[in-house]
Amino acid sequence: MPFKELQLIKPLLKAIAEQNYDAPTPVQEQTIPLVLAKKDVITTAQTGTGKTAAFALPILQMLFDKQDAGKKGKKIRALIVSPTRELAFQIYESFKAYGKYTNLRTAVVYGGTSIEPQKDVLTKGVDILVATPGRLLDLHKQDFINLDYIETLVLDEADLMLDMGFIDDVRKIERLCPTEKQILLFSAT
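Residues numbered from 1 in each chain as written. Predicted model: local features only at pLDDT ≥ 70, side-chain atom pairs only at ≥ 80, totals over all residues. Heavy atoms only, no water.

With reference to specific residues and values, describe the pairing of strand β1 (residues 41-44).
Only one face of β1 is covered, namely the face carrying V41 and T43; the face carrying I42 and T44 is uncovered. By the bridge criterion, 4 bridges tie β1 to strand β6 (residues 182-187) in an arrangement that is parallel. From the neighbouring strand, T43 faces β6, where its bridge partner is F186. (Buried < 20%, exposed > 50% of the residue type's maximum accessible area, 1.4 Å probe, protein only. Helix = DSSP H or I, 4+ residues; strand = E, 2+ residues; numbered from the N terminus. Pairing = 2+ DSSP bridges.)

As C-alpha cells, then:
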C-alpha cells in the first residue's frame with residue numbers, strides 16, 4: 001500500500017518521497033488513519049518500526065489544514081513528551097524532515113543545555129513542541145510555554161518515561177493541557 005492511500009496531503013507525500021520511503025510500515029498503516037480520525041491511540045511496536053512517523057505525519061497533516069500564516073502568534077497545538085534529550089532531538093528532526101513543505105514550526109526543548117536559546121525559539125512562536133518533562137515544566141513555570149491550545153498530546157516511549165520516574169511530571173503536563181485533546185501513547189514494550 002502506498003502512502004497516498006493513507007489520504008496524506010501532497011506536501012507530506014513529497015517529503016516522505018525525499019526520505020526514500022515508498023510504503024508505510026504496518027504500525028504506520030494501522031496508526032495514521034486512527035490519529036487522523038482524532039482517536040486516542042495506544043501503540044506498541046518494536047524500535048525501528050516507524051513509530052515516530054506514525055504520529056508525526058498525521059499531526060503535521062491535522063495542523064497543516066489550519067496553520068497560521070504568520071510566524072508571530074503561533075500557538076503550541078501539538079506536544080510530544082519524550083523521556084530523553086536524544087530521543088526528543090530525533091523526534092524533532094523527523095518533524096522537520098516531514099514538515100519541510102509546510103509552514104509549521106517545530107521546536108525542541110530539553111535539559112542539560114542552555115535554556116536561553118530555547119526561550120528565544122519559543123518566543124518566536126511554534127506549532128509543535130517536542131520536550132523532555134523537566135525542561136518543559138521549567139519553561140512553563142517561567143511563562144515561556146502555554147499549553148492552553150494543545151490539540152494533541154503524545155507520550156513517546158511512555159513505558160520508559162514511567163520507569164525513569166516521570167509519572168508525576170507527566171500527570172502535571174497532562175493537567176496543564178486542555179481537557180479536550182487527543183492523547184497518543186507510544187511504547188516499544
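Please set out the pairing of strand β4 (residues 128-131) residue by residue, giving values where relevant.
Of the two faces of β4, the one holding I128 and V130 and the one holding L129 and A131 are both buried throughout. Bridge analysis of strand β2 (residues 78-81) against β4 gives 4 bridges, and the strand direction is parallel. Across the sheet, the residue bridging to I80 is V130, located in β4. Read from strand β3 (residues 106-109) through helix α5 (residues 116-124) to β4, the crossover connection turns out right-handed. (Right-handed = clockwise from strand over helix to strand, strands pointing away.)

Residues and numbers for the sheet that holds strand β5 (residues 152-155), please.
Strand order in the open sheet formed by 6 strands is β1-β6-β5-β2-β4-β3, and the pairing between neighbours is parallel. At either margin of the open sheet sits one strand with a lone partner, and together these are β1 and β3. Strand after strand, the sheet turns through a mean of 15° between neighbouring axes, direction not considered. Lying over the sheet, helix α2 (residues 26-36) contacts β1 and β6, oriented at roughly 170° with respect to β1. Docked against the sheet, helix α3 (residues 51-64) engages β2, β4, β5 and β6, running at close to 160° with respect to β6. (Axes fitted to C-alpha atoms, helices over the stretch in contact; angles between N-to-C directions. Contact = heavy atoms within 4.5 Å.)

Describe helix α4 (residues 85-98), with residues and values.
Because each turn of an α-helix spans 3.6 residues, side chains separated by three or four positions in sequence point in the same direction. Across its 14 residues, α4 extends 20 Å between first and last C-alpha, which sits within 8% of the 20 Å expected from 1.5 Å per residue. All of the buried residues in α4 are L87, A88, I91, Y92, S94, F95 and Y98. Mapping the buried residues of α4 onto a view down its axis gives an arc of 160°, with all of them on the same face. Facing away from the buried side of α4, by more than 90 degrees, are the exposed residues E86 and Q90. Check the buried side of α4 and you find it contacts α1 (10-18), α3, β2, β3 and β4. (Expected span 1.5 Å × (residues − 1). Arc of directions from axis to C-beta.)

Tell me about the side chain of K74, residues and numbers included.
The residue K74 is located in the loop between α3 and β2 in this model. From its side chain, K74 meets the backbone oxygen of N103 in a polar contact 3.1 Å long. Separated by 2.8 Å, the side chains of K74 and D127 make a polar contact. (Polar contact = N/O pair within 3.5 Å; in protein donor to acceptor, adjacent residues only side chain to side chain.)

Tell me about the pattern of salt bridges, and name the residues and values.
In this structure the tally under the stated criterion is 8 salt bridges. Close ionic contact of E18 with K100 constitutes a salt bridge, the shortest N to O distance being 2.8 Å. In this pair, E18 is assigned in helix α1 and K100 in the loop between α4 and β3, connecting sequence segments 82 residues apart. Residue classification places K100 among the partly exposed residues on the basis of a relative accessible area of 49%. Between R171 and D168 there is a salt bridge; the shortest N-O distance is 3.8 Å. A residue pair is termed a helical-turn pair when its members lie 3 or 4 positions apart in one helix, as R171 and D168 do in helix α8 (residues 167-176) at 3 residues. D168 gets classed as exposed once you look at its relative accessible area, which sits at 52%. Taken together, the shared-partner salt bridges in this structure form one network comprising K74, R77, D127 and E151. (Salt bridge = Lys/Arg side-chain N within 4 Å of Asp/Glu carboxyl O.)

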